[in-house]
Amino acid sequence: MSCATLIDGKACAAAVIREVSVEVKALKDVGIDPGLAVVLVGSDPASQVYVRNKVLRAEETGIHSFEHKLAADTSQTALLTLIERLNADPQVHGILVQLPLPGHIDENCILQAVDPLKDVDGFHSENVGGLSQGRNVLTPCTPAGCMRLLKETCGDLSGQHAVVIGRSNIVGKPMAALLLQANCSVTVVHSRSHNIRELCRQADIVIAAVGRPQMVDASWLKPGAVVIDVGINRIEQDGKSRLVGDVDFDSVQATASAITPVPGGVGPMTIAYLMKNTVTAAQLQYPAVRHAKPSMEIPA
Ligand code: GUN
C-alpha cells in the first residue's frame, strides 16, 4: 500500500518565520519597530487560544504585539473607536480583529473600518477586490499559507485542477482567487453543490475548508491527489477530546499522494503568514523603505 507524503506545516511555517525575522531586523535597522494589534471581543475559548498563539508568535518573531481584550457586551461604537485609534497609531502596522464577533456587532462594518494598509487579514473590500484583480495586496493568511504549502509540494501549479470545498470569505473564496492566479483550473463546491464527491474525484488538488469533521474520505479522491486540510474540528472519541480535520486522514492515506496533517499542517502556516503580512504592512506604510529593498514584495 503506497502512503501519502506528509506535508509538514510546522517545518514550512518555521522557514517562513525565519524569512520574516530577517525582514523584521531590516525594518528595525532603519528605525521601524513592526507592531501588530490583536483585538478579541468576548471569551470564545477557541478564539482565546488562537489569539494567544498569534501574540506569542509575534513576540518570538520580534514583532511588537498590542493585545486588546474587550468584554462580550462591548458596543459596536466602542469597537469602532478602538479601530480608529489603532488606524492612527504609528506604532501599529497591522490590525487583526478576531472573528467571529458577538452577534450584536456588524462584522462587515468593523472589517471595513480597518485601514486597508493595516489590514493583515486581507478582509477589507479594497484588499478583497485587489486580490480578485490579481493585484499585490494583503492576502488572507490561511489561503496564503496553503499556497505556500502547495508550491513547496507541487512546484508549478499551472494547469492543475483544484477543487475548493467551502466558500467562506476567510478561506474558500480567497483560496479560489489565489489558485486562479497560479493558473489552476478552479472549481468551488459548497453545501448546495450537486455531486460534490464526483467533482472532487476530478481534482489534482483538493482544499477542504468546510468545518465538518472527517467528511472527505478516499472515495472523494482521484489516486495521487494532493490534499490540503484546512479544517480544525474538536471531536470526542473513546471518552477523549481530539482535533481532526475535514479529511479522514487514515482513509485517504493510500489514495492521496500528499496530505497536510491536523494538527501540524495548515494551522502553523496561518500564523506564520500573519507575521509575514504584518511585516508587509509595515513596508507598505513606509514606501521609501520598500523601494530601497525591491526584494520585499508582497507574496503572490
Ligand atoms: N477566525 C477564524 N479564522 C480567522 C482569521 O484568519 N482571521 C480572523 N481575524 N479571525 C479568524
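Note that the structure is predicted; figures quoted are calculated from it, not measured.

A short note on the layout of surface pockets
Here is step 1 of the chain: There is about 170 Å³ of room inside the second largest pocket.
Here is step 2 of the chain: Within the residue set of the lining of the second largest pocket, elements represented by two or more residues are strand S10 (240–244) and helix H9 (249–252).
Here is step 3 of the chain: Of the residues contributing to the lining of the second largest pocket, the split by class is 6 nonpolar, 2 polar and 4 charged.

Quick word on the site of the ligand
Here is step 1 of the chain: Around the ligand, the neighbouring residues are Leu-96, Val-97, Gln-98, Leu-99, Asp-121, Phe-123 and Ile-170.
Here is step 2 of the chain: Side-chain polar atom of Gln-98 to a nitrogen atom of the ligand: 3.3 Å apart, as the coordinates give it.
Here is step 3 of the chain: A distance of 2.9 Å is found between a nitrogen atom of the ligand and a backbone nitrogen or oxygen belonging to Leu-99.
Here is step 4 of the chain: Here the ligand, which alone exposes 280 Å², has 82% of that area covered by the protein.
Here is step 5 of the chain: Broken down by class, the residue content of the shell around the ligand amounts to 5 nonpolar, 1 polar and 1 charged.

Structural notes on the UniProt feature "binding site: NADP(+)" (unreviewed entry) in the chain
Here is step 1 of the chain: Feature annotation in UniProt places "binding site: NADP(+)" (unreviewed entry) on Gly-166, Arg-167, Ser-168 and Ile-232, given in this structure's numbering.
Here is step 2 of the chain: For Gly-166, the location among the structural elements is in the loop between strand S5 (161–165) and helix H7 (172–181).
Here is step 3 of the chain: Relative accessible area serves as the criterion here: at 5%, Gly-166 is assigned to the buried category.
Here is step 4 of the chain: For Gly-166, the residues in contact, after removing those within four places along its chain, are Gly-172, Val-188, Val-189, Ala-209 and Val-210.
Here is step 5 of the chain: If you trace the backbone, Arg-167 turns up in the loop between S5 and H7.
Here is step 6 of the chain: When neighbours within four sequence positions are excluded, Arg-167 is seen to be in contact with Gly-172, Lys-173, Val-188, His-190, Ser-191 and Arg-192.
Here is step 7 of the chain: At 3.4 Å, the side chain of Arg-167 and the side chain of His-190 are in polar contact.

Thoughts on the pairing of strand S4 (residues 94–97)
Here is step 1 of the chain: The alternating pattern of S4 places Gly-94 and Leu-96 on one face and Ile-95 and Val-97 on the opposite face, and all of these are buried.
Here is step 2 of the chain: Here strand S2 (residues 35–41) pairs with S4 via 4 bridges, running parallel. Residue pairing for S4: Val-38 is matched across the bridge by Leu-96.

Regarding the pattern of salt bridges
Here is step 1 of the chain: Evaluation of the coordinates by the stated rule reveals 9 salt bridges.
Here is step 2 of the chain: A salt bridge links Asp-204 to Lys-222, with the nearest nitrogen and oxygen atoms 2.7 Å apart. Residue Asp-204 is located in the loop between helix H8 (196–200) and strand S7 (205–208), and its partner Lys-222 is located in the loop between S7 and strand S8 (226–229); the two are separated by 18 residues in the primary sequence.
Here is step 3 of the chain: Here Asp-204 falls in the partly exposed class, since its relative accessible area comes to 22%.

Observations concerning the side chain of Asp-119
Here is step 1 of the chain: With respect to the helices, strands and loops of the structure, Asp-119 is situated in the loop between helix H4 (107–113) and helix H5 (125–132).
Here is step 2 of the chain: A polar atom in the side chain of Asp-119 sits 2.8 Å from the side chain of Asn-127.
Here is step 3 of the chain: If sequence neighbours within four positions are ignored, Asp-119 has contacts with Ile-95, Val-114, His-124, Asn-127 and Leu-138.

Points about helix H2 (residues 45–61)
Every α-helix carries 3.6 residues per turn, so stepping three or four residues along brings you back to the same face.
Here is step 1 of the chain: A rise of 1.5 Å per residue sets the reference length of H2, with its 17 residues, at 24 Å; its end C-alpha atoms lie 25 Å apart and thus fit the reference within 8%.
Here is step 2 of the chain: Against helix H1 (9–29), S2, strand S3 (64–70), S4 and helix H10 (266–285) lie the buried residues of H2.
Here is step 3 of the chain: Positive phi appears at Gly-62, one or two residues downstream of H2, with a value of about 90°.

Quick word on the packing of H1 against helix H6 (residues 141–154)
Here is step 1 of the chain: Orientation of H1 relative to H6, taken along the N-to-C sense of each, is 110°, at an axis distance of 11 Å. The angle between H1 and H6 falls in the class roughly perpendicular. Of the residues in H6, those in contact with Gly-9, Cys-12, Ala-15, Val-16 and Glu-19 of H1 are Arg-148, Leu-149 and Glu-152.
Here is step 2 of the chain: Looking at the contact of H1 with H6 residue by residue, the classes come out as 4 nonpolar, 1 polar and 3 charged.

Cut-offs and rules
- Residues numbered from 1 in each chain as written.
- Predicted model: local features only at pLDDT ≥ 70, side-chain atom pairs only at ≥ 80, totals over all residues.
- Heavy atoms only, no water.
- 1 Å grid on protein atoms, 1.4 Å probe; cavity = no way out; pocket = protein on both sides within 12 Å on 5 of 7 lines; lining within 4 Å.
- Points joined across faces, edges and corners; volume = space filled by probe spheres on them.
- Helix = DSSP H or I, 4+ residues; strand = E, 2+ residues; numbered from the N terminus.
- Nonpolar A, V, L, I, M, F, W, Y, C, P; charged D, E, K, R; others polar.
- Near = heavy atom within 4 Å.
- Polar contact = N/O pair within 3.5 Å; in protein donor to acceptor, adjacent residues only side chain to side chain.
- Areas by Shrake-Rupley, 256 points an atom, 1.4 Å probe, with all protein chains shown as cover.
- UniProt positions renumbered as here; feature names shortened; annotations may be inferred.
- Buried < 20%, exposed > 50% of the residue type's maximum accessible area, 1.4 Å probe, protein only.
- Contact = heavy atoms within 4.5 Å.
- Pairing = 2+ DSSP bridges.
- Salt bridge = Lys/Arg side-chain N within 4 Å of Asp/Glu carboxyl O.
- Expected span 1.5 Å × (residues − 1).
- Axes fitted to C-alpha atoms, helices over the stretch in contact; angles between N-to-C directions.
- Parallel < 35°, antiparallel > 145°, perpendicular 65-115°, else oblique.

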